[in-house]
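Close look at the chain arrangement
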Amino acid sequence: MSDLRTRLKQSIIEQLNLEEFEVEDIANDEALFGDGLGLDSIDALELIVLLEKEYGIKLTEPQQGKEIFISIDKMAEYIEAHRTK
Amino acid sequence: MEKGIAITGMGIISSIGNNVEENYNALCFGQHGISFPEILKTRHTNLPVGEIKISNEELVKKLGLPKNHAFTRAALLGSIAGKEAIFQAGITEAELKETGFISGNSVGGIDKTEEYFQEFAKNAEIRRFIKAQHPGFTTGQISNYLKIHGFVTTISTACSSSANAIMLGARMIKAGKLKRVIVGGTDCLTKFTLNGFNSLMILSSENCKPFDECRSGLNLGEGAAYLVLEADEYIAGKQVLGRITGYGNANDAFHQTASSETGEGAFLAMKKALKSSGISSNKINYINAHGTATRNNDLSESRAIQRVFDEIIPEFSSVKAFTGHTLAAAGAIEAVYSLLSLKNNQIFPNLNFSSEMKETGLQPVLGLTSKNMDYVLSNSFGFGGNCTSLIFRRDEK
Amino acid sequence: MKNKLYINGIASISAQAGNAVFSDSIAEYHQNIIPAIAPNYKEFITATALRRMSGAIKMGLTAAKIALKDAGTSMPDAIITGTGQGCQQDTEKFLKAMLVQNEAFVSPTAFIQSTHNTVGGQIALNLKCRAYNVTYTQNSGSLESALIDVQLQFLEQPVPETILVGGVDEISEKITSFLYLDGQLKQEETYNLDLFKTGSPGSITSEGAHFFSISSVKSSETYAGLLDVLVFNSNTSEEVSERINRFLKENHLTEDAIELVILGNNGDSRYDHFYTPLQDEIFRNKTQLGYKHLVGDYNTVSGYAVWLACNILKNGEIPEICKLNSVPIEKPKNILIYNQYLGENHSIILLSSR
């Protein structure tokens with residue numbers, strides 16, 4: 001369970017070039033967009049690619065990301081429920 | 001009120017025709033050019049595109065190029081459209097020596113780079129295409145083919161490139177810097193752009209539906225179009241197809257790829273174009289909208305149009321469902337269509353529309369419509385916030 | 001009569017740090033592809049924005065901000081950019097991913113930033129500047145095309161305005177290495193300061209950004225006046241000489257009025273002959289400077305020549321390291337910059353003292 005969250009954080013830091021961040025800097029319930037980590041719509045598209053590439057989850061609408069990329073916890077829950085790999 | 005810069009020739013190639021006449025006929029009969037990719041070798045064979053069904057080899061033959069040519073597909077398409085425009089305007093070889101050429105282009109010869117990326121190191125034969133990657137090279141190929149030897153430059157502002165090329169040409173003639181100039185743009189389908197737009201999740205898996213509530217993204221297209229602009233002192237006896245009376249360029253300064261909700265850049269571009277034409281908004285008889293059929297553009301553009309035209313919004317349509325979004329060439333292709341609208345007093349339909357957007361309630365023109373027209377406004381917006389609007393006017397005898 | 005324009009703010013990011021050319025600390029290289037010396041970008045751009053920026057965006061945006069600050073202004077009335085090769089690093093990144101992954105799982109960021117107008121767009125976005133914004137990409141005539149648009153802008157807008165104009169190009173791993181394959185780069189590794197002595201085909205390349213804040217109003221800090229710009233085609237060096245003479249006449253100047261020329265020699269034995277009649281005839285008795293041995297050759301490198309000319313016109317100091325001949329000179333009043341690349345996109349930029 002927590003492994004998935006840690007791996008997710010590592011992938012996000014790597015994929016989004018968050019050079020200033022370490023895994024420990026991101027709380028599981030912290031908001032990824034807006035006031036939290038400060039991600040934007042381009043990052044959301046990157047996260048969609050990440051979901052497909054690493055977990056075999058294909059989103060067809062960018063809008064779907066809004067309900068999934070709320071926090072690391074929410075993302076992990078979604079991945080657990082929908083992953084195909 | 002501006003008299004405007006005279007347009008004495010035009011040429012075009014797109015997925016709905018290889019010249020002006022074929023394009024006009026297709027527009028009138030509602031024959032779109034959207035299909036699945038055949039010439040472009042891609043695994044995304046399920047994504048509809050506005051592809052010109054002529055191979056590079058056939059285009060090379062049409063142009064009579066030597067075997068060792070270094071023409072990119074964009075250069076091939078551009079040469080065909082440029083030739084038609086020059087022929088119509090009757091420009092002589094001597095005149096071409098001091099004629100300018102301003103071309104809009106976004107990805108240059110990336111079609112060749114993606115084909116040869118791993119091959120350049122092994123095969124000396126194809127290394128002539130290394131320089132071809134950059135848009136300036138494609139422009140140079142076209143100007144050499146057309147024997148144009150005046151001021152040559154390339155504008156690359158993504159999807160507003162050729163609209164800006166038309167604008168610069170008109171400005172240079174107005175300022176007396178050039179007597180005549182060929183302006184427009186060219187872009188071909190590439191794996192690079194198809195995959196790029198696909199990664200942005202703004203490509204539709206069906207034929208695009210500009211301004212529709214259920215629009216689901218754009219179809220990429222390819223093509224080229226050029227106009228011949230001439231200063232009034234040099235057009236004696238020539239037929240004037242129309243005039244460019246105004247232009248406006250502004251930046252949305254909102255997001256690298258998305259448009260702002262209120263369409264600030266688009267609003268400013270249209271306002272500036274009206275101002276430089278010296279006319280009020282109610283003079284515009286028809287808007288050739290950018291209308292790419294993405295969720296974002298069509299809403300943003302509609303809001304900008306509502307802001308500029310207030311209560312009385314002129315008839316408008318997007319022709320992207322005919323040609324697909326031809327990127328850097330779109331502004332020039334739609335300039336040709338705008339001139340055809342003025343000449344024939346016809347508005348070309350916005351295909352595939354079924355329901356109004358709930359945010360705006362605006363309905364585009366759905367069928368070929370006759371209307372007397374004096375002024376047409378044409379919009380082109382691009383990545384990087386680059387927004388340009390052009391105004392064309394019927395030539396007054 | 002042309003209205004005189006004033007360069008009130010300048011910025012250079014190149015293979016030579018800051019004012020190195022005016023000091024003894026010239027950077028020396030034994031390589032044909034030379035990266036620019038990066039300033040501390042964090043002083044100019046937030047970490048959030050920096051994380052996805054390629055070299056061209058960082059260099060371009062930073063140089064733009066330095067030039068505006070130098071001119072004491074913050075919001076230009078137009079942003080006009082020149083770039084020959086555009087955002088090549090992101091183009092390469094996206095292209096590679098697409099080819100290697102066979103068109104699957106490609107992520108959008110590199111594509112978004114691959115368009116040639118990315119730098120111009122990012123400057124607008126950063127400054128929240130909604131004004132006129134265009135990007136020119138005409139190989140070695142890209143910055144010059146942008147400057148021609150600047151001239152037009154001022155012709156059209158007689159009211160005082162400030163225009164931000166600049167050129168930017170970046171190197172990338174694979175695409176830049178292709179320049180070895182088609183002979184644009186020298187096949188032998190070259191010591192940059194010996195570039196003009198090489199006598200072999202090809203040159204050395206680099207990257208950089210040069211931005212200028214130009215206004216119709218002179219300030220106490222004005223560096224130079226921008227008199228005229230020309231981009232033209234020519235097949236022979238004789239035609240070039242003729243065109244330069246005609247250009248001077250059009251500007252009501254004689255050859256004598258030009259005290260200093262900055263030439264684009266790049267050590268390419270196939271094309272440096274374009275400079276010969278200028279060096280041996282027209283401008284024989286004038287001070288001649290070269291600069292590509294310091295900063296390499298790339299599509300918008302003439303921005304470095306403009307930056308150099310601005311400093312010379314303002315301060316009168318002429319860097320020894322740039323001198324191609326030994327004609328002595330006092331503080332020059334007019335400087336002519338001539339450049340070409342592979343015999344194409346010839347250009348002249350004429351600057352004067354304020």
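Residues numbered from 1 in each chain as written. Chains lettered and ligands numbered in written order. Predicted model: local features only at pLDDT ≥ 70, side-chain atom pairs only at ≥ 80, totals over all residues. Heavy atoms only, no water.

Right, let's get into the overall build of chain C. A tally of regular secondary structure across chain C gives eleven helices and twelve strands. For 354 residues, the compact-globule formula gives about 20 Å, and the C-alpha radius of gyration of chain C, at 19 Å, lands near that figure. Each of the three principal axes of chain C carries a C-alpha extent, and together these read 60 × 50 × 40 Å. Residues classed as buried in chain C amount to 65% of the 354 residues present. A sequence separation of at least 24 residues applies to 78% of the contacts in chain C between residues at least 6 apart. Accessible surface computed for chain C: about 11900 Å², of which carbon and sulfur atoms make up 49%. (Helix = DSSP H or I, 4+ residues; strand = E, 2+ residues; numbered from the N terminus. Rg over C-alpha atoms; globule rule 2.2 N^0.38 Å. Buried < 20%, exposed > 50% of the residue type's maximum accessible area, 1.4 Å probe, protein only. Contact = heavy atoms within 4.5 Å. Areas by Shrake-Rupley, 256 points an atom, 1.4 Å probe, with all protein chains shown as cover.)

What follows is about the overall build of chain A. Helix and strand counts for chain A stand at four helices and zero strands. Written out in order from the N terminus, the α and β elements of chain A read α-α-α-α. Taken over C-alpha atoms, the radius of gyration comes to 12 Å for chain A, in line with the 12 Å a tight globule of 85 residues would show. Seen through its C-alpha atoms, chain A measures out along the principal axes to roughly 30 × 25 × 20 Å. The buried share among the 85 residues of chain A stands at 41%.

What follows deals with the packing of aromatic side chains. The tally for this structure, following the rule as stated, stands at 18 aromatic pairs over all chains. Ring centres of Phe 117 of chain B and Phe 178 of chain C lie 5.5 Å apart, and the angle between their planes is 80°; this geometry places the pair in the edge-to-face category. In this pair, Phe 117 of chain B is assigned in the loop between helix 5 (110-116) and helix 6 (135-145) and Phe 178 of chain C in helix 7 (residues 173-181), connecting two distinct chains. Across the pair, exposure class does not vary: Phe 117 of chain B and Phe 178 of chain C are buried alike. Through a chain of ring-to-ring contacts, the aromatic side chains of Tyr 116, Phe 117, Phe 120 and Phe 129 of chain B together with Phe 178 of chain C assemble into a single cluster. (Phe/Tyr/Trp six-rings, centres within 6.5 Å; stacked < 30°, edge-to-face > 60°.)

Turning to the pairing of strand 9 (residues 260-263) of chain C, a few remarks are in order. Residues and elements named next belong to chain C. Side-chain alternation along strand 9 places Leu 260 and Ile 262 on one buried face and Val 261 and Leu 263 on a second face that is also buried. Direction of pairing for strand 9 relative to strand 10 (residues 287-290): parallel, over a ladder of four bridges. Within strand 10, the residue paired with Leu 260 across the bridge is Thr 287. You can see the chain leave strand 9, run along helix 9 (residues 276-282) and come back into strand 10, and the turn it takes is right-handed. (Pairing = 2+ DSSP bridges. Right-handed = clockwise from strand over helix to strand, strands pointing away.)

Let's shift gears to the interface of chain B and chain C. Between chain B and chain C, the residue contacts involve 61 residues of the former and 58 residues of the latter. Both sides together, the interface formed by chain B and chain C hides about 5000 Å², and carbon and sulfur atoms give 61% of it. The tally of links between chain B and chain C comes to two salt bridges. With a shortest N-O distance of 2.9 Å, Arg 171 of chain B and Glu 156 of chain C are connected by a salt bridge. Our count for the chain B to chain C interface comes out at 22 residue pairs in polar contact (both at pLDDT 80 or more). Only helix 5, helix 6, strand 4 (152-155), helix 7 (161-174), helix 8 (191-199), strand 8 (242-251) and helix 9 (264-277) of chain B provide two or more residues apiece to the side of chain B that touches chain C. With seven residues, the top contributor of residues to the side of chain B that touches chain C is helix 8 of chain B. Among the residues forming the side of chain B that touches chain C, the class breakdown is 23 nonpolar, 27 polar and eleven charged. (Buried area = accessible area lost by both parts, 1.4 Å probe. Salt bridge = Lys/Arg side-chain N within 4 Å of Asp/Glu carboxyl O. Polar contact = N/O pair within 3.5 Å; in protein donor to acceptor, adjacent residues only side chain to side chain. Nonpolar A, V, L, I, M, F, W, Y, C, P; charged D, E, K, R; others polar.)

Accessible area lost upon the coming together of the parts is a frequently used measure of interface size. Taken together, the contact between chain C and chain A spans twelve residues of the former and 15 residues of the latter. Summing the contributions of chain C and of chain A, the shared interface buries around 1100 Å²; its carbon and sulfur component is 53%. Looking at the side of chain C facing chain A, the largest losses of area belong to Arg 51, Arg 52 and Phe 105 of chain C, adding up to 55% of the total buried there. Counting across the interface, chain C meets chain A through four salt bridges. For Arg 52 of chain C, the salt bridge is made with Asp 43 of chain A, and the minimal N-O distance between the two is 2.9 Å. Across the contact surface, chain C and chain A share seven residue pairs in polar contact (both at pLDDT 80 or more). Elements supplying a minimum of two residues to the side of chain C that touches chain A: helix 1 (47-50) and helix 4 (108-112) of chain C.

If you look at soluble globular proteins, the nonpolar side chains tend to sit buried side by side. Core analysis: the biggest nonpolar cluster contains 103 residues, and Leu 227, Leu 229 and Tyr 337 of chain B together with Ile 214 and Ile 262 of chain C have the highest contact counts within it. Among the elements that make up this core, the one with the highest residue count is helix 11 (residues 302-315) of chain C (nine residues). When residues of this core are assigned to domains, at least three fall in each of domain 1 (5-215) and domain 2 (226-352) of chain C. For Tyr 337 of chain B, the residues in contact, after removing those within four places along its chain, are Ile 12, Ser 14, Ile 16, Asn 23, Leu 27, Val 319, Thr 323 and Phe 348 of chain B. Counting residues in each nonpolar core, the second largest holds 64 residues, with Leu 51 of chain A together with Leu 40, Phe 129 and Leu 327 of chain B among its members. (Core = buried A, V, L, I, M, F, W, Y, C linked by side-chain atoms within 4.5 Å. Domains from an automatic or database assignment.)

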